[in-house]
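Each chain, written out:
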Amino acid sequence: MSEIHPNVKRVLYSADDIKNRVQEIGKQITNDYKDSKDLVLIGILKGSFMFMSDLVRSINLPKTNVTLDFMAISSYGHSTNSSGVVRILMDLKSNIEGKDVIIVEDIIDSGLTLNHLVELLGSRKPNSLHTAVLLRKKDGIKIDVPCRYIGFDIPMVFIIGYGLDFAENYRELPYLGELREECYKK
Ligand code: PRP
Ligand code: MG
Ligand code: MN
């Protein structure tokens with residue numbers, strides 16, 4: 001494996017660990033949606049971009065009209081805690097009415113972001129609405145949001161890599177790592 005970034009305290013999940021888990025989720029989705037007519041996967045930018053791109057490649061639904069869309073929102077800004085205020089920076093391009101929708105998120109921390117998205121997209125009358133989340137911080141949850149597909153339950157540490165940032169950095173790392181405390185605590 002290539003060098004670990006010096007600001008990473010430890011690797012929680014290697015690129016291989018992630019690949020295996022994402023493939024399992026892809027198989028579950030393939031099985032659950034084999035009778036679906038229209039499936040829209042909605043990636044929540046920016047954090048979900050890597051998970052989204054790997055997940056869609058592990059879905060195999062030749063009889064379904066599979067489409068992708070993206071929404072950009074922000075709740076964290078440049079801090080390490082969710083502000084609870086969800087800002088829509090870019091809305092969907094497509095109409096999801098009558099379609100089966102899966103929201104693809106990188107992480108649930110407080111749950112405020114995903115809860116807000118489920119309410120918002122639910123109001124647009126999809127045929128079904130579910131969520132696929134790579135990481136869940138079980139002890140951080142403030143609002144109970146139903147997640148159909150979960151990659152890993154993780155401890156309350158600051159995670160970076162595989163799309164996840166701290167102040168916009170480290171998204172490019174191919175693994176999920178714990179950020180050294182001295183990098184965000186003063
Ligand atoms: C992060 C993460 C989730 C959300 C989770 O996004 O990608 O979308 O926060 O936090 P919550 O469960 O406490 O609401 P962020 O706002 O940092 O934007 P980003 O995806 O562009 O990094
Ligand atoms: Mg995000
Ligand atoms: Mn972020």
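Calculation notes
- Residues numbered from 1 in each chain as written.
- Chains lettered and ligands numbered in written order.
- Predicted model: local features only at pLDDT ≥ 70, side-chain atom pairs only at ≥ 80, totals over all residues.
- Heavy atoms only, no water.
- UniProt positions renumbered as here; feature names shortened; annotations may be inferred.
- Near = heavy atom within 4 Å.
- Polar contact = N/O pair within 3.5 Å; in protein donor to acceptor, adjacent residues only side chain to side chain.
- Areas by Shrake-Rupley, 256 points an atom, 1.4 Å probe, with all protein chains shown as cover.
- Helix = DSSP H or I, 4+ residues; strand = E, 2+ residues; numbered from the N terminus.
- Nonpolar A, V, L, I, M, F, W, Y, C, P; charged D, E, K, R; others polar.

The protein chain is annotated in an unreviewed UniProt entry as Hypoxanthine phosphoribosyltransferase from Tieghemostelium lacteum. Turning to the protein chain, the UniProt record has this under Catalytic activity (unreviewed entry): "IMP + diphosphate = hypoxanthine + 5-phospho-alpha-D-ribose 1-diphosphate". UniProt's Pathway (unreviewed entry) comment on the protein chain is quoted here verbatim: "Purine metabolism; IMP biosynthesis via salvage pathway; IMP from hypoxanthine: step 1/1."

A.B. asks: Can you help me understand the site of ligand 1 in this one?
C.D. replies: In the vicinity of ligand 1, 19 residues are found, and the nearest of them are Glu105, Asp106, Ser110, Gly111 and Thr113. A distance of 2.9 Å is found between an oxygen atom of ligand 1 and a backbone nitrogen or oxygen belonging to Asp109. One of the backbone nitrogen or oxygen atoms of Gly111 is found 2.8 Å away from an oxygen atom of ligand 1. Contact with the protein chains covers 94% of the free accessible surface of ligand 1, which is 500 Å². Among the elements of the structure, strand E3 (65-74), strand E5 (100-108) and helix H3 (112-122) are those that each provide at least two residues to the shell around ligand 1. With 4 residues, the top contributor of residues to the shell around ligand 1 is E5. For the shell around ligand 1, the class distribution of residues is 6 nonpolar, 7 polar and 6 charged.

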